[in-house]
Amino acid sequence: MAAQALQSGLLVAFPTETVFGLGADATNPQAIARLFKAKGRPSDNPLIVHLGGIDHLSLATDKVTESAQVLLERFSPGPLTVVVPKHTSLASAVTAGLDTVGIRIPNHPLALELLQRCNRPIAAPSANRSGRPSCTTWQAVWEDMQDRVDYILRGDSCQIGIESTVVDCSGSQPVQLRAGAITLEQLRQVVPDIKTWNQLELADDQALPSPGLRHAHYQPVAPVYLFNYHQQVIDLPGGQLAQSACADLRIARSPSESYGQPLTERCLLYQSFYSIADYMRGFYEFLREADRRGAARIYLQIAPANDQGAALRDRQIRAAGRTN
Ligand code: TXA
Ligand code: MG
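Attention in this report is confined to the structure presented alongside it. (Residues numbered from 1 in each chain as written. Chains lettered and ligands numbered in written order. Predicted model: local features only at pLDDT ≥ 70, side-chain atom pairs only at ≥ 80, totals over all residues. Heavy atoms only, no water.)

1. A short note on the site of ligand 1
Looking at ligand 1, there are 26 residues lining it, with Thr 18, Asn 45, His 50, Arg 104 and Ser 164 nearest. The contact in question runs from a nitrogen atom of ligand 1 to an N or O atom on the side chain of Thr 100, over 3.1 Å. At 2.6 Å, a side-chain N or O of Ser 164 approaches an oxygen atom of ligand 1. Coverage of ligand 1 by the protein amounts to 96% of the 680 Å² it exposes when considered alone. Contributions of two or more residues to the shell around ligand 1 are made by strand S3 (48-50), strand S5 (100-104) and strand S9 (175-178). (Near = heavy atom within 4 Å. Polar contact = N/O pair within 3.5 Å; in protein donor to acceptor, adjacent residues only side chain to side chain. Areas by Shrake-Rupley, 256 points an atom, 1.4 Å probe, with all protein chains shown as cover. Helix = DSSP H or I, 4+ residues; strand = E, 2+ residues; numbered from the N terminus.)

Shown next as structure tokens:
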């Protein structure tokens with residue numbers, strides 16, 4: 001039924017291993033227009049096209065470049081999006097008028113079944129309202145989108161919890177546009193010369209390589225503050241703490257560090273994560289829960305800048321309304 005709904009131009013939210021996506025037929029301009037409207041998404045921010053398998057690539061592109069091929073073979077299905085030249089059958093709004101398209105094959109049984117059954121390229125941005133934290137549970141999709149979409153497929157909460165790694169493979173120099181669960185180190189094992197977008201030397205008047213970098217993302221209602229050491233939060237005046245939500249990361253810290261149990265009692269919401277993967281999985285839901293409880297501010301312990309920490313750190317920085 002959900003596959004038929006997509007085929008007939010309706011909007012269907014579905015789970016993936018990263019975050020929930022909001023799907024629409026990428027060849028149907030009316031469906032895509034509704035999708036942008038439902039999300040409140042700026043029209044200059046292109047959508048990722050989702051496919052049911054490597055054998056469906058020709059639905060979205062007629063040129064799988066060499067770097068894209070190697071990366072897809074190694075990491076698909078999985079949390080990877082490659083940007084390649086687009087197929088003419090895609091509605092131009094999907095790619096915000098660009099001649100390239102982001103393609104992803106999600107590693108989730110329900111998503112794959114849906115995509116294979118409808119046998120079409122499905123544009124699917126994250127299923128949140130534009131600018132808000134992404135949705136990692138169907139309840140969060142319901143919260144943001146209940147009166148704006150036709151179906152929500154209920155699945156378990158998402159295993160990874162943050163969005164896919166995006167790599168632009170359309171030019172001679174492959175560029176990582178968005179950090180994700182597949183780390184830069186992993187990408188470089190198969191394509192050694194991948195750069196990150198901020199390593200590119202852009203002239204002042206040159207556009208950012210990914211339009212998504214221009215917009216606010218992942219922001220809860222409450223302002224987000226980032227901290228390095230737990231002690232910085234313990235030292236806050238009590239009143240500030242009492243109305244706040246605090247998330248910390250309890251790894252690779254010295255056992256002698258005081259973790260300050262009083263925080264648990266004084267914060268509205270207090271959550272510890274014991275690994276980067278755990279923090280990623282719980283991150284967006286933590287932000288949403290802080291808003292549900294009416295937290296006046298949110299304190300997040302910032303993730304390390306290496307390996308998988310890089311992707312989480314990027315989302316934390318953007319949730320705090322900054323770009324670096
Ligand atoms: O994990 C994910 O990627 C999730 C799930 C649902 O698959 N989707 C997702 O989509 O995060 P969205 O729309 O929230 O983010 C898409 C990102 C944006 O930053 C956008 O600018 C970039 O991908 N993007 C898409 N097409 C592009 C293109 N042709 N060139 C450059 N960047 C592109
Ligand atoms: Mg998004």
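What follows picks up the thread again.
2. Structural notes on the sheet that holds strand S14 (residues 297-301)
Read from one edge to the other, the open sheet built from four strands follows the order S11-S14-S12-S13, with strand pairing classed as parallel. Two strands lie at the open edges of the sheet, namely strand S11 (224-227) and strand S13 (269-273), each paired on one side alone. The mean inter-strand angle of the sheet, taken between neighbouring strand axes irrespective of direction, is 15 degrees. In this sheet, S14 lies alongside strand S12 (residues 244-249) in parallel orientation, the contact comprising four bridges. (Pairing = 2+ DSSP bridges. Axes fitted to C-alpha atoms, helices over the stretch in contact; angles between N-to-C directions.)

3. Overview of the sheet that holds strand S1 (residues 12-14)
Strand order in the open sheet formed by ten strands is S7-S1-S2-S6-S3-S5-S4-S8-S9-S10, with mixed pairing between adjacent strands. Of all strands in the sheet, those bounded by a partner on one side alone are strand S7 (151-152) and strand S10 (195-196). Relative to S7, S1 runs parallel, the two being bridged by two bridges. Within S7, the residue paired with Ala 13 across the bridge is Ile 152. The strands that helix H2 (residues 29-39) touches are strand S2 (21-25) and strand S6 (122-123); relative to S2, the one it contacts most, it runs at about 155 degrees. (Contact = heavy atoms within 4.5 Å.)

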